[in-house]
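Notes for the structure review
Here's the letter readout for the chains.
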Amino acid sequence: MINKYRWWEIVGIYLGIALFLMFILAPFLEAFLVSMRPLNRINSIPYKIVTENMSFEAYFTMWENVPRLARYIWNSFFIATCVTIIVLIAVVPAAWAFARFEFKGRDAMLAAFLAINMVGGAVLIIPLFQLMRNLGLLNTYMAMIIPGAAFLIPTAIWLLRSYLMKIPRELEEAAWVDGASRPYILLKVILPIAMPGIVVVAIATFIGAYAQQFLFALTFNSNSDLHPLPVGIYQFFGRQTVVWNEVMAASLVGILPVLIIYIFLQRYIIAGLTAGAVKE
Amino acid sequence: MTVGQLKLDNVKKSYGDVEVIQGVSLDVKHGEFIVFVGPSGCGKSTLLRMIAGLEEITAGDVEIDDKVVNTLPPVKRGIAMVFQSYALYPHMSVYENIAFPLRVEKRSNEEVDEKVRKAAEILHLTPRLQHRPGELSGGQRQRVAIGRAIVREPSVFLFDEPLSNLDAALRATMRVELTKLHHDLDATMIYVTHDQVEAMTMADRIVVLDAGNIAQVGSPLELYHKPDNLFVAGFIGNPKMNFLEVIGKGVEKDGVRVEVPGVGEFVLPVTAVDPNSVKDRALTLGIRPEHTHLSEGEIGLDLQANVVERLGIHTVGYANREGQDEVICTVQSGSAPIKAGEKFKLRFNAKDCHLFDADGKAFTRNLDLKGLGLPDLD
């Protein structure tokens, strides 16, 4: 297919992209600007983009104001990483099974996974709390990691399954004929070929785990040493004032691990890794 | 190399109520090149996959080297398989692709290296060993897939339409290479194809499959000259054999007398065991397009040419008899004087005719294949 556009069509397309990007990026920009302003300049009427005395001061004072901030960021990172690892260990073989093997209840289970996503964590938070209490897991990392992983596994199975289904069955049959066992096939044939798909699942899971931990942390954890960043940020909310510039600075610093992970992993999303496997 | 005997004993395969392989029996000797051929959906690939151990066997036995292998996994059957889509591992080099079966068996590095290099030598892949499959042409990829089969040194090689993804020129080259390979390795090979040219050129024996049944087993020329039934007669040969409705008149000393409506009565040199199966029965006369002539021949049909294809070496004419829709095909010399839209007389000899009864079963032709003077016919 040939896509040929006139100049004004191209301008239109980019304007459209810019409009939508603005909605996504404007909050980030505003957060950045707020983090630069001194506390008494945060609410300015009329709105000014550049205010007096802009500085990076908040990025330094926040560590003193909330001494355990670094710990919170680490906790967030640690919880999301554990969730991602657990999800990957569970999902890779599961998705392969769902993609390849015929077994009773397969389709029903897949449908149930979708249904779980529709319900979501917030609805189940009270029963989950009781479960955590009975298991004695309240106020541990596990209380945040286990439900985090449990709620992300179904989506991850769906994601990876559709990727694995595109891997030609002949590859496995060829390996099977050559005497490879199923675990050997999974490890030596499927995993390397599915790497781009697995990376996508890993990124999606990490971001998901990073975003959803607020709910579980708030409910299942009262040990402030274990709080992830979204809960930890509450300590900037004083009795009289909210230290908005430091809240924003801490939020932006808290996003950094996700950003770094993303940049690190996206190198592995190489298009066309399966080229030459079979004749299409 | 082990002996590569294969025996199928009334092998059946059903999916639910549908029986796709309806009882196939076959004996394959060591070193034979057997081709399964048939239209799509005839079960040829399923049968091959059952021999390979990729499909379960519903009933019957598959024996390799006198051992029933029905429930054994592929690797324990002593087979190696080459797939239509090559099925190469894209993330491994050509070397590692060929070495894969040996790595699975955890052979020593020296042994792997020796065998891979030997296979690469045979298949002219040595300069390509460090490349990825994605960097190879279709023919080279298929050779890598064959290399992966060779290093296993199996009793039986199985090929599932290995050439159908290649272009015509490459296919002809690979056909010759495979025939040579078969000769060099002295191995038993089972080869599935829908391409009758591949079947005719490569096979020691062809197995023609029709809807899950064996229609006929025989050498290529046996199938060409003495097809057992209408299906084989129509399937082997290109262009397809022409069929005419005729009426049986009776059995005579030299053959069967038939009446070609509107043309006359002729005696065809075939053997009918039961005279009752002939007299006043509707029979089918078969004549191959390449056995029709413009000048000589006892039987003559008045035809009108519809389409004339000039291929240089041949002229292929498609014609029909006046008032009849049935297309009759003829192959003539490159400069044959037939023209689309014009009438001509097409002639052929009774000795070239095939005759089939109402059930499509052939009357045996009084033809001695040895009398054809072919050097390689035993």
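Residues numbered from 1 in each chain as written. Chains lettered and ligands numbered in written order. Predicted model: local features only at pLDDT ≥ 70, side-chain atom pairs only at ≥ 80, totals over all residues.

Topic: the overall build of chain B
- Of the regular secondary structure elements, chain B holds nine helices and 22 strands.
- The dimensions of chain B, computed from C-alpha atoms along their principal axes, are 75 × 45 × 40 Å.
- Sequence-distant contacts, at least 24 apart, represent 65% of the contacts inside chain B between residues at least 6 apart. (Helix = DSSP H or I, 4+ residues; strand = E, 2+ residues; numbered from the N terminus. Contact = placed C-beta atoms within 7 Å.)

A short note on the pairing of strand β18 (residues 314–321) of chain B
All names here are of chain B.
- One ladder, built from seven bridges, connects strand β17 (residues 299–310) with β18; its direction is antiparallel. Bridging from a neighbouring strand, Arg310 pairs with Thr315 of β18.
- Direction of pairing for β18 relative to strand β19 (residues 327–333): antiparallel, over a ladder of seven bridges. Among the inter-strand pairings, Gly317 is bridged to a residue of β19, identified as Thr330.
- Linking β18 back to β19 in an antiparallel pair, the connection comprises five residues, with Gly323 at a positive phi of about 80°. (Pairing = 2+ DSSP bridges.)

Quick notes on the interface of chain B and chain A
- Between chain B and chain A, the contact holds 26 residues from the first and 21 residues from the second.
- Contributions of two or more residues to the side of chain B that touches chain A are made by α2 (74–77), β6 (79–82), α3 (94–104) and α5 (138–150) of chain B.
- Ranked by residues supplied to the side of chain B that touches chain A, first place goes to α3 of chain B with three residues.
- Here the residues of the side of chain B that touches chain A are counted per class, giving 17 nonpolar, five polar and four charged. (Nonpolar A, V, L, I, M, F, W, Y, C, P; charged D, E, K, R; others polar.)

A few points about the packing of helix α3 (residues 69–100) of chain A against helix α6 (residues 141–164) of chain A
Residue and element names in this part refer to chain A.
- It is the contact of α3 with α6, at a shortest axis distance of 7 Å, that shows an interaxial angle of 35°. For the crossing formed where α3 meets α6, the hand is right-handed.
- Its residues assigned to classes, the contact of α3 with α6 comprises 23 nonpolar, one polar and one charged. (Axes fitted to C-alpha atoms, helices over the stretch in contact; angles between N-to-C directions. Left-handed = near helix turned anticlockwise from the far one by under 90°.)

A word on the nonpolar core
- With 145 residues, the main nonpolar core has Val35, Ile51, Leu158 and Leu355 of chain B as its most contacted residues.
- In terms of residues, this core owes the most to one element, helix α8 (residues 182–220) of chain A, which gives 15 residues.
- Apart from residues lying up to four places away in sequence, Leu355 of chain B is in contact with Val256, Val258, Leu268, Val270, Leu283, Leu285 and Phe363 of chain B.
- With 14 residues, the next largest nonpolar core counts Ala58, Val66, Phe236 and Met248 of chain A among its residues. (Core = buried A, V, L, I, M, F, W, Y, C linked by C-beta atoms within 7 Å. Buried ≥ 20, exposed ≤ 12 C-beta atoms within 10 Å, placed from the backbone.)

Considerations on the sheet that holds strand β7 (residues 156–160) of chain B
All names here are of chain B.
- The strand order across the open sheet built from six strands is β6-β7-β8-β3-β9-β10, with neighbouring strands paired in mixed fashion. Strand pairing shows two members of the sheet lacking a second neighbour, β6 and β10 (213–218), which therefore form its edges. Pairs of neighbouring strands in the sheet enclose a mean axial angle of 20°, with direction left out of account.
- Where strand β3 (residues 33–37) meets strand β9 (residues 205–210), four bridges bridge the pair, whose relative direction is parallel. In the strand pairing of β9, Phe36 is matched with Val207.

Brief notes about α3 of chain B
Residues and elements named next belong to chain B.
- Counting buried residues in α3 gives eight out of 11 residues, a clear majority hidden from the surface.
- For α3, the full list of buried residues reads Val94, Tyr95, Asn97, Ile98, Ala99, Phe100, Pro101 and Leu102.
- Buried-residue contacts for α3 involve α4 (109–122) and α5.
- Positive phi appears at Lys106, one or two residues downstream of α3, with a value of about 55°.

Structural notes on the confidence of the model for chain B
Residue and element names in this part refer to chain B.
- Averaged over all residues, the pLDDT of chain B is 90; the fraction at 70 or higher stands at 98%.
- At the low end of the mean pLDDT range in chain B sits helix α6 (residues 168–185), at 88; at the high end sits β3, at 95.
- Across the interface, the model reports ipTM at 0.82; the global pTM reads 0.81. (pLDDT = per-residue confidence, 0-100.)

Side note on the UniProt feature "domain: ABC transporter" (unreviewed entry) in chain B
- Those residues carrying the UniProt feature "domain: ABC transporter" (unreviewed entry) are residues 6–236 of chain B in this numbering.
- Segment residues 6–236 of chain B splits into 38% helix and 26% strand. End C-alpha atoms: 25 Å apart. (UniProt positions renumbered as here; feature names shortened; annotations may be inferred.)

Quick notes on the UniProt feature "domain: ABC transmembrane type-1" (unreviewed entry) in chain A
- Here the UniProt-annotated "domain: ABC transmembrane type-1" (unreviewed entry) positions come out as residues 73–265 of chain A.
- A distance of 20 Å separates the end C-alpha atoms of residues 73–265 of chain A, which is 78% helix and 0% strand.

Let's talk about the UniProt feature "transmembrane region" (unreviewed entry) in chain A
- Per the UniProt annotation, the sites labelled "transmembrane region" (unreviewed entry) are residues 7–29, 72–98, 110–129, 141–164, 185–211 and 247–265 of chain A.
- Taken end to end, residues 247–265 of chain A comprises 100% helix and 0% strand; its first and last C-alpha atoms sit 28 Å apart.

Some points on the pairing of strand β8 (residues 188–193) of chain B
All names here are of chain B.
- With six of six residues buried, β8 lies mostly within the body of the structure.
- When β3 meets β8, the two strands line up parallel, connected through five bridges. Residue pairing in the sheet places Val35 in a bridge with Tyr191 of β8.
- As paired strands, β7 and β8 are joined by five bridges and run parallel to one another. Residue pairing in the sheet places Asp160 in a bridge with Val192 of β8.
- Handedness of the crossover is the feature at issue here: the chain leaves β7, passes through α6, returns alongside β8, and the resulting connection is right-handed. (Right-handed = clockwise from strand over helix to strand, strands pointing away.)

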